[in-house]
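Here's the letter readout for the chains.
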Amino acid sequence: MYVQIFTGLSTAGQFGFQVSSDNETNVNGFSSQFISLFPGFCPVDNRPDIFVCQKTAEIELRVSEFIDRYKENVPKIYEVYTFIKRQSNGAFFCILPYELTSQREQVTLVDLLNAFEQNLDFEEVNKLTSQLFGAFLDSYHVFVYGPERARIGEHHRGKRICRFCKKDAMKTSFKKKAHAISEALGNKNVAVLEECDSCNEKFGQTLERDIITYFSFYRTFYGVGGKEGVTSIVGKNFKLCREPELTLKYYKSEDDPEEDDHLEIMNFRLKMHEKLSLQNIYKTLCKFFLSAVRDEFLPHFEETFKWLNGEILQHQLPKVGIWYSFEEFLTQPNILTVIRKSDDQEIPFAVGEFHFLFLRYVFILPCTNTDRFNYLSSDQFEVFLNMFTHYRDMPGMKWLDLSNAEVKPFEFNFRMEPNDSKT
Ligand SMILES: [Zn+2]
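Bear in mind that the values here come from a model prediction, so they are computed numbers and not experimental data.

Points about the overall build of the protein chain
Then step 1. Within the protein chain, the regular secondary structure consists of 12 helices and 17 strands.
Then step 2. Taking all 423 residues of the protein chain together, the buried fraction comes to 28%.
Then step 3. Within the protein chain, residue pairs in contact and separated by at least 24 positions form 68% of the contacts whose partners lie at least 6 positions apart.

Here it is in structure tokens:
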């Protein structure tokens, strides 16, 4: 069997597909036709296999015609059209006649494209990236879930085993669609096939309900909806709704401080009916990670699953980092699974990132079977930050303690300032 793999890469995404045939001439014929769709140049002297092209309407048309010819035999080729269509005219992208498996190479190529797009010196851009991410990329795999449609796990329903309770299709059922990230947070793209109906229901009423409450203000404010669309929040002393404009109704309660007419800045303490535990927020972030992570890594998380299910308790957990990315506002949430590939057991085996709207969270997966440290002491946390230096240097990064498992009333502070306020 003759196989040829192609990868496309841009700063906005990538595609990958393969063609195979018993006949070498067929594969070679297809390959040369495919490559000729993209008139480009080789920007790296010793790498004639890297073509860089610029998106034009003509390329889009040619790709569309080519796909019409081959979509029956190579269904995945449709991704090439989606990839090209997503680029703005004039944007640079790479076409590679091989599978892109090295994260380091991927980052270098993205640097190269960025340098073209922004007219910067590639060597300078790449040197900076290596300083920032070099050691990290040599030690970790990074997988991103959310930007593309994905169905994670065993596709054959009868062969599924639930990731969370370990029951197979004989002992439980897999009829309902399970989302790797809660649907109410806007996720339509990523489904997990290996979550059974009873776990789906259980987590929906416990962990995920808490994280939906935790983000309720952002959901209503930014109009993020699940199946029921955008929901209003009816709290104990307020209502936040979109009817159709965003409206906050605040009902003063007796224990509020006396009103001051001259007050220029107003602080509202908005009290929800729902209660939640902060540790459930940590657990849900880990659940999103474990829903998305590749099957081959699951055996390392046996104890983590027990903790999620409440079979073992953790009274203290590593700090969770939060920062804001106002340049990149997401309409669908993403989860990144960062998995150690080196043997160094002093750096965390698994680290997750959760991206929701402009909020970014980073968390260490607790209770894995291959970590020497638990990252609770400041010395051990320092070991983590010495490897993940980009978190240490992130402007505005805050480290939160989400260890508290006590269920408490949830409130958030809302601050209003008049336009002419000097602050
Ligand atoms: Zn289950």
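What to know about the packing of helix 7 (residues 207-214) against helix 9 (residues 278-292)
Then step 1. Here helix 7 crosses helix 9 at 110 degrees, and the two axes come no closer than 8 Å. With respect to helix 9, the element helix 7 is oriented roughly perpendicular. In this structure, helix 7 uses Leu207, Glu208, Asp210, Ile211 and Tyr214 to contact helix 9, whose residues at the interface are Asn280, Ile281, Lys283, Thr284 and Lys287.
Then step 2. Of the residues belonging to the contact of helix 7 with helix 9, the class tally is four nonpolar, two polar and four charged.

Some details on the domain arrangement of the protein chain
Then step 1. Here the protein chain is partitioned into domain 1 (2-100), domain 2 (157-274) and domain 3 (278-400).
Then step 2. Distance from the C-alpha centre of domain 1 to the C-alpha centre of domain 2: 41 Å.

Brief notes about the nonpolar core
Then step 1. Of all hydrophobic cores here, the largest spans 60 residues; its most connected members are Ala180, Leu285, Phe289 and Ala292.
Then step 2. Top contributing element to this core by residue count: helix 9, with nine residues.
Then step 3. No fewer than three residues from each of domain 2 (157-274) and domain 3 (278-400) sit in this core.
Then step 4. Those residues in contact with Phe289 that lie beyond four places of it in its chain are Ile335, Thr337, Gly352 and Leu365.

Here's the deal with the pairing of strand 2 (residues 13-21)
Then step 1. Both strand 1 (residues 2-10) and strand 2 contribute to a ladder of nine bridges, which runs antiparallel. Across the sheet, Gly8 pairs through a bridge with Phe15, a residue of strand 2.

Regarding the sheet that holds strand 5 (residues 140-145)
Then step 1. The strand order across the open sheet formed by six strands is 5-13-14-15-12-16, and the pairing between neighbours is antiparallel. At either end of the open sheet lies a strand with only one pairing partner, and these are strand 5 and strand 16 (398-400). Across the sheet, the axes of successive neighbouring strands diverge by a mean angle of 20 degrees, strand direction being ignored.
Then step 2. The sheet contact formed by strand 5 and strand 13 (residues 334-340) spans six bridges and is antiparallel. Bridged to Val142 within strand 13 is Val338.

Here's the deal with the sheet that holds strand 4 (residues 92-96)
Then step 1. Read across the sheet, four strands follow the order 2-1-4-3 without closing on themselves; strand pairing throughout is antiparallel. The outermost strands of the open sheet, each flanked by one partner alone, are strand 2 and strand 3 (51-54). The average undirected angle you get between the axes of adjacent strands in this sheet is 20 degrees.
Then step 2. Where strand 3 and strand 4 come together, four bridges link them in antiparallel fashion. Opposite Val52, over in strand 4, you have Cys94 as the bridge partner.

Topic: the pairing of strand 14 (residues 350-356)
Then step 1. For strand 14, a buried count of six out of seven residues is recorded, marking the element as mostly surrounded by other parts of the structure.
Then step 2. Inspection of the sheet shows strand 13 paired to strand 14 by six bridges, in the antiparallel sense. By the bridge assignment, Thr337 is partnered in strand 14 with Gly352.
Then step 3. The hairpin formed by strand 14 and strand 15 (residues 359-364) contains two residues between the paired strands, and Leu357 there has a positive phi angle of roughly 55 degrees.

A few points about the packing of helix 6 (residues 197-205) against helix 7
For any two helices packed against each other, the geometry comes down to the angle between their axes and how far apart the axes lie.
Then step 1. It is the contact of helix 6 with helix 7, at a shortest axis distance of 3 Å, that shows an interaxial angle of 40 degrees. Between helix 6, through Phe203, Gly204 and Gln205, and helix 7, the contact on the second element is made entirely by Leu207, Glu208 and Arg209.
Then step 2. Among the residues making up the contact of helix 6 with helix 7, the classes are represented as two nonpolar, two polar and two charged.

A word on the environment of Phe388
Then step 1. Along the chain, Phe388 turns up in the loop between helix 11 (378-387) and helix 12 (389-392).
Then step 2. C-beta crowding within 10 Å serves as the criterion here: with 23 such atoms nearby, Phe388 is assigned to the buried category.
Then step 3. Put simply, Phe388 and Phe133 are 255 residues apart on the chain and 7.9 Å apart in space, counted from C-alpha to C-alpha.
Then step 4. Leave out the neighbours within four places in its chain, and Phe388 touches Phe136 and Val351.

Remarks on helix 3 (residues 78-86)
Then step 1. Those residues of helix 3 not exposed but buried are Val80, Phe83 and Ile84. For helix 3, the buried positions fall inside an angular range of 95 degrees around the axis, keeping them on one side. What points out from helix 3, more than 90 degrees from its buried face, is the exposed set Thr82 and Lys85.
Then step 2. Close packing links the buried residues of helix 3 with strand 1, strand 2 and helix 2 (57-70).

Here's the deal with the environment of Thr108
Then step 1. Take Thr108: it is sitting in helix 4 (residues 103-118).
Then step 2. Classification of Thr108 by C-beta neighbours within 10 Å gives partly exposed; the count is 18.
Then step 3. Remark: the alpha-carbon pair of Thr108 and Ser130, spanning 22 residues in sequence, is separated by 8.9 Å.

Focus: unusual backbone geometry
Then step 1. Not every positive phi belongs to a glycine, and Asn119 is a case in point at roughly 55 degrees.
Then step 2. Assignment of secondary structure puts Asn119 in the loop between helix 4 and helix 5 (122-139).
Then step 3. In this structure, Lys166 takes a positive phi of about 65 degrees despite not being glycine.
Then step 4. Inspection of the secondary structure assignment puts Lys166 in the loop between strand 6 (150-152) and strand 7 (190-192).

Basis of the calculations
- Residue numbers restart at each chain and count upward from 1, following the sequence in its written direction.
- Selection of residues for local features in this predicted model requires a pLDDT of at least 70, selection of side-chain atom pairs for listing and counting requires 80 or more, and totals for whole chains, interfaces and linings are taken over all residues.
- Numbered from the N terminus, helices here are DSSP runs of H or I no shorter than four residues, and strands are runs of E no shorter than two.
- Exposed residues have 12 or fewer other C-beta atoms within 10 Å of their own C-beta, buried residues have 20 or more, and partly exposed residues fall in between, where C-beta atoms are placed from the backbone.
- Placing a C-beta atom from the backbone of each residue, one calls two residues in contact when those atoms lie within 7 Å.
- For helices, the fitted axis covers only the stretch in contact; all axes are lines through C-alpha atoms, and the angles between them, taken along N-to-C directions, range from 0 to 180 degrees.
- Oblique is the label for any angle not under 35 degrees, not over 145, and not in the 65 to 115 range, which are roughly parallel, roughly antiparallel and roughly perpendicular in turn.
- Residues are sorted three ways: Asp, Glu, Lys and Arg are charged, Ala, Val, Leu, Ile, Met, Phe, Trp, Tyr, Cys and Pro are nonpolar, and all the rest, Gly among them, are polar.
- Just so you know, the domain bounds were taken from an automatic or database domain assignment.
- Working definition: the nonpolar core is a set of buried Ala, Val, Leu, Ile, Met, Phe, Trp, Tyr and Cys residues, joined through C-beta atoms within 7 Å.
- Only strands joined by at least two bridges in the DSSP assignment are considered to pair.
- Taking the helix axis as origin, the arc is that swept by the directions to the C-beta atoms.

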